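Spelled out, the chains give:
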Amino acid sequence: MTTSARPAGAALLAGAAFLAAIAAVPAVAATLSTAPFGATADGKPVTLTTMTSGHGVTVKFMSYGGTITEIITPDRQGHPANVVLGFPSLRDYETKGVEGGFYFGALIGRYANRIAKGHFSLGGQEYTLATNNGPNALHGGAKGFDKQVWDVQPGAASGRAVSAVLRLTSPDGDEGYPGKLDLVVTYTLSDDNAFSIQYQATTDKDTVLNLTNHAYFNLAGAGSANGVFQQVLTVNADRYTPTDKTSIPLGHNDPVQGTPFDFRKPTAIGAHLRADDQQLIWAQGYDHNWVLNKQGNAAAPQLAVRAFDPASGRTLDCLTTEPGVQIYTGNFFKGVLAGDGGVYRQTDAFTLETQHFPDSPNQPSFPPTELKPGQTFNSTTVFRFGVRK
Ligand code: GLA
């Protein structure tokens, strides 16, 4: 199955730096195609979908977990590289990725991030979840959305973008969560090299929900020798949620001012990573939720993080409707597995897990994560790729 989009209007959308970088790339139509990608260990067929922007960016994802396996973007010289960590085969994702609890590139739910002690109450009912991260529940449980095979269909190809629609039904009681949940996630790649993820969900019982994507980015290319230490982040957040030693928020938001969490001005990831800071020591690096500054229309994605790799010139802007972003520096990569580009080690990548705050169902002061029958959950995150001289 293949669809394509006309390249009309690309130049109008693009910034000057981006235009310079793609000058050598002939403008061709965005495309989408899907091919078989083997079968899960329990025999379910899996597909791999490839989307191209027509302006240098290619995104590949599997129906298993909706997992983004590759994002290929040009550097400032126009040389392409895959900027997300991953594996060559489905079986690698099912074994290496899962055993390490790494969630490479996958859609995460029902509850992205942690729920303290795997327990919450809702409408007077108590709910118990599998504890798969020390004493806590993490990323949807033993078989979360990252380990499900999603139904993938081509979406609308407008003049300037191609899209794919991923669907999953999570039954009432799935991993201990109440309510039958119907999920529709739309992946769109547009000719300004923006990859967007739009999440929608409905339920038939009161439930809690927090969805994200767990791509690990390295703008120099997966497995590049220097990791992401020198890559620069700007995070649009004055506050973050400090945690206990099991990564559960303490319930208050602290100012980033004067801490290693201050990325309000462009700051290298490695600049304060070795600071003698209890939060960094407990998490073995960055693995924290930043409280995003918001202005104006909260329903529109707003700039959360800008990432820049001075060596390659690649940039990544992350915009979201979510109130928070978990930035994680691959602290649990201990050199024990090889993926695309070689053995993965600490600080080989960063994640931008746009989300509601960890443990919200147990934290009354945090933005709520409840979804009720008759409501539609809506969330959008955009990853826009470019280059800077
Ligand atoms: C999230 C968590 C981390 C870790 C990774 C997966 O980023 O916050 O602590 O669990 O997922 O390894």
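Everything below is about the structure printed above this text.
A brief structural summary. What you see is a predicted model; the values in this text were computed from it and never measured. Here the residue numbering is sequential within each chain, running from 1 through the sequence in written order. Only residues with pLDDT of 70 or above have their local features reported here, since the model is predicted, and side-chain atom pairs are shown and tallied only from 80 upward, although totals for entire chains, interfaces and linings are computed over all residues. Only heavy atoms go into the side-chain values, all of them from the structure, while hydrogens and water stay out.

## So, the overall build of the protein
Keep this limit in mind: Secondary structure elements follow DSSP: runs of H or I no shorter than four residues count as helices, runs of E no shorter than two count as strands, and numbering proceeds from the N terminus. C-alpha atoms define the radius of gyration in this analysis, and the globule rule sets the expected value at 2.2 Å times the number of residues to the power 0.38. Between buried and exposed lies partly exposed: a residue is buried under 20% and exposed over 50% of the maximum accessible area for its type, with that area taken using a 1.4 Å probe on protein chains only. In this analysis, two residues are considered to be in contact whenever any of their non-hydrogen atoms come within 4.5 Å of each other. For accessible areas, the Shrake-Rupley method is used with a probe of radius 1.4 Å. Any residue's cover is judged against the shown protein chains and nothing else. By the counting rule applied here, Lys and Arg register as positive and Asp and Glu as negative, while His and the ends of each chain are not counted. Think of each charge as sitting on NZ of Lys, CZ of Arg, CG of Asp or CD of Glu.
Helix and strand counts for the protein stand at 4 helices and 31 strands. Against the compact-globule benchmark of 21 Å for 389 residues, the protein has a radius of gyration of 20 Å, which places it among compact chains. Counting only C-alpha atoms and orienting by the principal axes, one finds that the protein spans roughly 60 × 45 × 45 Å. A total of 389 residues make up the protein; the buried ones form 56% of that total. Counted over contacts in the protein with a minimum sequence separation of 6, partners at least 24 positions apart contribute 67%. Counting every atom, the protein has about 15000 Å² of accessible surface; 53% of that belongs to carbon and sulfur. Positive and negative side-chain charges in the protein, numbering 29 and 32 respectively, have mean positions lying 5 Å apart.

## Side note on helix 3 (residues 90–99)
Those residues of helix 3 that fall on the buried side of the exposure criterion are L90, D92, Y93, E94 and G97. Contact partners of the buried residues in helix 3: strand 2 (30–39), strand 3 (45–52), strand 4 (58–62) and strand 5 (68–74). Just downstream of helix 3, G101 is the residue with a positive phi angle, here 65°.

## Describing the site of the ligand
Keep this limit in mind: We define proximity as follows: a residue is near a molecule or strand when any one of its heavy atoms falls within 4 Å of that partner. Pairs of N or O atoms within 3.5 Å make up the polar contacts considered here, provided that, within protein, one atom can donate a hydrogen while the other can accept it, and that residues adjacent in sequence are counted only when both atoms are side-chain atoms. Three categories are distinguished: nonpolar for Ala, Val, Leu, Ile, Met, Phe, Trp, Tyr, Cys and Pro, charged for Asp, Glu, Lys and Arg, and polar for the others, with Gly belonging to the last.
Surrounding the ligand, one finds 13 residues, the nearest of these being G101, R114, H214, D287 and E353. Contact between the ligand and R114: an oxygen atom at 2.4 Å from a side-chain N or O atom of the residue. One nitrogen or oxygen atom from the side chain of H214 is found 2.8 Å from an oxygen atom belonging to the ligand. Its free accessible area being 300 Å², the ligand has 99% of it covered by the protein chains. For the shell around the ligand, the class distribution of residues is 6 nonpolar, 4 polar and 3 charged.

## Thoughts on the sheet that holds strand 13 (residues 161–170)
So the rule is basically this: Being paired, for any two strands, means DSSP has found at least two bridges between them.
Taken in spatial order, the 9 strands make up an open sheet running 12-13-14-15-31-25-24-19-22, and their pairing is antiparallel. In the strand order of this sheet, the two ends are held by strand 12 (151–154) and strand 22 (267–268), each with one partner. The sheet contact formed by strand 19 (residues 232–235) and strand 24 (residues 302–308) spans 4 bridges and is antiparallel. Looking across to strand 24, one finds that T234 is bridged to R306.

## Considering empty space enclosed by the protein
To keep things clear, this is the line we draw: In this analysis, the protein atoms alone were mapped onto a 1 Å grid. Cavities are point sets where a 1.4 Å probe fits without being able to get out; pockets are open sets with protein on both sides within 12 Å along at least five of seven lines; lining residues have an atom within 4 Å of a point. Grid points are joined across faces, edges and corners, and a volume is the space filled by probe spheres set on the points.
Under the definition given, this model contains 3 cavities of 30 Å³ or more. There is about 100 Å³ of room inside the largest cavity. Residue composition of the lining of the largest cavity, by class: 7 nonpolar, 3 polar and 2 charged.

## Section: the pairing of strand 14 (residues 181–190)
The buried fraction of strand 14 is high, at 7 of 10 residues. Looking at chain direction, strand 13 and strand 14 are connected through 10 bridges and run antiparallel. Its bridge partner being in strand 14, A161 is matched across the sheet by S190. With 9 bridges joining them, strand 14 and strand 15 (residues 194–203) adopt antiparallel strand pairing. Bridging across to strand 15, L183 finds its partner in A201. Here strand 14 folds back onto strand 15, and the loop between the two strands holds 3 residues, one of which, N193, carries a positive phi near 65°.

## Quick look at unusual backbone geometry
With an omega dihedral of 5°, the bond running from G109 to R110 counts as a cis peptide bond. Residue position: R110 is located in the loop between strand 7 (107–108) and strand 8 (114–115). Here the phi dihedral of K117 falls at roughly 55°; this positive angle occurs in a residue that is not glycine. Although it is not a glycine, D359 adopts a positive phi angle of roughly 60°. Topologically, D359 is positioned in the loop between strand 29 (350–355) and strand 30 (370–371).

## Looking at the packing of aromatic side chains
Definition in use: Stacked, tilted and edge-to-face are the three classes applied to pairs of Phe, Tyr and Trp rings, where Trp contributes its six-membered ring and a pair requires centres within 6.5 Å; stacked means planes under 30 degrees apart, edge-to-face means over 60, and tilted covers the rest.
For the structure shown, the criterion picks out 26 aromatic pairs. Judged by centre distance (5.2 Å) and plane angle (85°), the ring pair of F87 and Y93 falls under edge-to-face. Neither residue differs from the other here; F87 and Y93 are each classed as buried. Between F263 and Y286, the ring centres sit 5.4 Å apart and the planes meet at 75°, which makes this aromatic pair edge-to-face.

That is the geometry; function is a separate question.
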